[in-house]
Amino acid sequence: MHFSDLGIIALMLGLGFAIFTGVVAVIGAVRSKPLLVSSAQRGVLVVAFFLILASLSLVASFLTHDFGVSYVAQHSNLAMPWYFTTAAFYGGQEGSLLYWALMLSVFSAIFALTARRAPAALVPYIYATLMGIQTFLLIVLSTVSNPFVRLPVAPADGNGLNPLLMDPGMLVHPPMLLMGYMSFSLPFAFAVAAMITGKLDSDWLRSIRRWTLASWTIQTLGLILGMWWAYHVLGWGGYWGWDPVENAALLPWLTATAFLHSTMVQERRGMLKVWNLVLVVTSFVLSIFGTFEVRSGIISSVHSFAYSDIGSYFLAFLVLIIVFSTALFIFRLPKLRPEQEFDSVISREGIFLLNNLLLVGIAFATLWGTIFPLISEAVGKQTMTVGPPFYNAVNGPLFVLLILAMGLGPLLAWRRTSTRALWRNLGVPAIAAAACAAILPLAGIRDIWANVGFAVCSFTAGAILYELWRGMRVRHSHGESYPVALYMLINRYRQRYGGYLVHLGLVLLAVGVIGSHFFQVQQDATLKSGQAMNIAGYRLLYFGNYEETYPGTDTVKSIMQIYQDGQLKGYIYPGRTFYQNFGNQPASLISISTFGLTDVYVFLADWNGSSQATIRVFINPLTSLVWYGGVLMLIGGVICWWPARRKQSVVDSVSPVAALATPAAKRGQTVSKVQDQSNGKTGVPAKRRKAVTAASPASSPSPGSSRPSSAGRVSNGHDDEEVVV
Amino acid sequence: MRRRRSLFIALAVVAMLAAVWSYVLLQHPPQQTLDQRVQAVGAQLKCPVCQGESVADSQSQLAQQMRGVIRQQLQAGKSEQEVIQYFRASYGDQIVWSPPWQGFSLLAWLVPIALVLGGVFLLGFVLREWRMVTPTGATPDDVELANVDEADLAPYRAQLERELAADDPIFARQSRMEAR
């Protein structure tokens, strides 16, 4: 009995339980049998148990070096340290699929354990959808892509992992990105359940938004880790190459971002329901498309580690999802009517629509560029490549507009903004942008596009920081010190201020991208011992090379001193590692020294004996901001996601009209029941916001709006927040 | 009056910026070194033996040789476009890393642009449609509230203020002001 046998048994049992759970959940929902639904809940947990068991078996096979398992023999060897041996679990196609199925089952289990928070009518359908996806994965895993297949004769040693993957990045980037891909299943399941039941109320919106925020944060982390890894390993001085696989990972992120914004319009105004469903389904479809693209090998990419024939399975699954979702849409469309009307283009919802247009535009351009070579070939025209110059030209301007919209958003009120209020709010950000646009050209930055980009970034940063400052000032005037005020502000209005942090992070990231894209300096040099090269105020003095030999690998490193403005800053050792098992395939050891916000990136391109080296040096200004910005985005994402305390208040549940309609309605609980009745038919209590809107004081941090309403006063200061989560 | 003044200020700022930018751009016409020009041409070409790397970025033997050819030709006085044309003639269209602005591959550029512009028009159209439905901007709530006497609403407003104030000190001042 090997661990792999245990794994196969666990996979089979998992598959059986996944099918069982899906069927039972649907029957339980259709016949309204709560017992069957709770049986399905346990079924989800059982599936998770079997997938954890299967994954542990595979890890055990790796750690015991059971080379009788084909997958283990292909992706590990005796020389690898234990952490890479464990990470080899998802180093190939079969294992990464198993990892995906594992994560899906774990997330499903988390959902099942917290299911009482979700709208009860949806829960069984969510189980069924998740288990449907799980069934597909398990069928693939137990047939064409089984990680536990045994070899007739076990080799003495395995092949080992691809050298490019033998990097700390391997331990964090693939698991995060795969988890991100997978996590779009949950919003998708919510969307399917909502379409089947027709229940798209505010509870649904709240649940789906939290799960989407979680997916978004995980995907952001995966993308940023991928950028960091590429920067540290690939040796071309950049972190984003518009590679087809990078694009595939970016696509669902873009549509999920669009969704997170347009749900706010649905929440506040009851509009865009159909559009939101389209975005959720698209995000999931794009994440499956990404997998299909990576696995089928239809497009050449730096990520081509694992080709196989499972591409056709994923294509079939893709078609199935699209047909299924489209049919549900057509079935449900007549009931998805907007509840409120649009008031003005110059309003928060107007800017959200613009945001959606831009994000979807970027996503489409990226998808189009990725698949265009295929289309071109399919219609028998010339073969061609679509590379970074295309994406930079098309997406660059769209991103600049997006950042501008990000700055304008907080300045606008819901429904409509008076021109005067808009001008008043524009003041500070406009001054920031003008100052930036005046100072930078005089300081010697001559590139027009870089100047435009920096000016837009400072506009948006100005708008966000001013907004934060206003909030803090108001709280400060009530006796809170500034740090406490900032903390309280973020803690109380997580969604709003978490969102601002994400925006601020994106602005920082954009500044970093502009800096490293437009102002990168590159120089190649061949140096002999004792020679030095000068580049942009830095000086690299070369001493010589030395070699190190470890079991399985040989390493060459150059010794250099790095000087900044004539001062010795330290030693650097750029080098190469050769993996004997992979035909001496090299992996580079890049030396990156950070001075302030500037990176000195040294890549050993070639060497001769122990006293000559050819190096390629990049000076990457502002690249550190990419990482700082990424971290800030993650923090913001977590803050948005973080559950708030459960609170109950009359504000949450009553509009004056509903309250007046029922004299018995005195306190919160009674009133909320009444409101449930009054909104029961439509399902979306978007109107309840009115109560808050009418009552928010004009002195709140955002006196940006002035809607002439019967209620008299309107503010967009504190009404964004969920009072109950 | 005030509005006109702020308009003047805005115009003055814009004029000043325009002056700065045109001065800077005219004063120093961007001058590229040979290295930068080689780099720029190399970034437009795809390394034929690599996966997803440009000639400028790749460390492969072929890419290094190609960089040498680019350098020679630029030194010989050819323009960037002529060098790219040379490589297209010998390697085919797929050596250029962005689709050319001609023939079928024009679609690669035009479709996303057309889609975004179409989205803008669609958005404008849809927004107009939505606005026409309620020209006054009055929602059902507004209509209903209009029939309710303000005095009836007052206790609810006050209760709302109290609870908001209990929830967050920011709202407290407002309640005090109301009391006065």
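The paragraphs below set out a description of the structure included in this document.

Calculation criteria
Residues numbered from 1 in each chain as written. Chains lettered and ligands numbered in written order. Predicted model: local features only at pLDDT ≥ 70, side-chain atom pairs only at ≥ 80, totals over all residues. Helix = DSSP H or I, 4+ residues; strand = E, 2+ residues; numbered from the N terminus. Buried ≥ 20, exposed ≤ 12 C-beta atoms within 10 Å, placed from the backbone. Contact = placed C-beta atoms within 7 Å. Pairing = 2+ DSSP bridges. Expected span 1.5 Å × (residues − 1). Axes fitted to C-alpha atoms, helices over the stretch in contact; angles between N-to-C directions. Core = buried A, V, L, I, M, F, W, Y, C linked by C-beta atoms within 7 Å. Parallel < 35°, antiparallel > 145°, perpendicular 65-115°, else oblique. Left-handed = near helix turned anticlockwise from the far one by under 90°.

A separate point is the overall build of chain A. For chain A, the helix and strand inventory stands at 23 helices and 10 strands. Out of the 725 residues belonging to chain A, those deemed buried represent 56%. Counting contacts in chain A only where the partners sit at least 6 residues apart, residues at least 24 apart contribute 72% of the total.

Here we come to the pairing of strand S7 (residues 585–589) of chain A. Residues and elements named next belong to chain A. Sheet analysis places strand S6 (residues 575–579) next to S7, joined by five bridges and oriented antiparallel. Bridge assignment links Arg576 to a residue of S7, and that residue is Ser588. In sequence, S6 turns back onto S7 through a hairpin of five residues, with Gly583 there showing a positive phi of about 55°.

On to helix H6 (residues 123–142) of chain A. For H6 of chain A, spanning 20 residues, the distance from its first C-alpha to its last is 28 Å, which sits close to the expected 28 Å at 1.5 Å a residue. Counting buried positions over the 20 residues of H6 of chain A gives 17, a clear majority of the element.

Before going further, it helps to spend a moment on the sheet that holds strand S9 (residues 598–608) of chain A. All names here are of chain A. What the four strands build is an open sheet, ordered S1-S10-S9-S8; its pairing is antiparallel. Two strands lie at the open edges of the sheet, namely strand S1 (521–528) and strand S8 (591–595), each paired on one side alone. Along the sheet, successive strands turn relative to each other by an average axial angle of 20°, direction set aside. Where S8 lies against S9, five bridges are found, and the strand directions are antiparallel. Bridging across to S9, Thr594 finds its partner in Asp599.

A few words on the nonpolar core. Nonpolar side chains in soluble globular proteins tend to end up buried together. Residues and elements named next belong to chain A. Of all hydrophobic cores here, the largest spans 197 residues; its most connected members are Ala101, Ile126 and Phe190. The dominant element in this core, judged by the number of residues it contributes, is helix H9 (residues 202–233), at 15 residues. Discounting residues that sit within four places of it in the chain, Ile126 has contacts with Phe111, Ala189, Phe190 and Ala193. Counting residues in each nonpolar core, the second largest holds 19 residues, with Tyr538, Ile562, Tyr601 and Trp607 among its members.

The next point concerns the packing of helix H2 (residues 34–44) of chain B against helix H3 (residues 61–75) of chain B. Residues and elements named next belong to chain B. Packing of H2 against H3 brings their axes to within 10 Å, and their N-to-C directions diverge by 125°. By the angle between their axes, H2 is oblique relative to H3. In this structure, H2 crosses over H3, and the sense of that crossing is right-handed. Contact with H2, carried on its side by Leu34, Arg37, Val38, Val41 and Gly42, involves Arg67, Ile70, Arg71, Leu74 and Gln75 of H3 and no other residues of that element.

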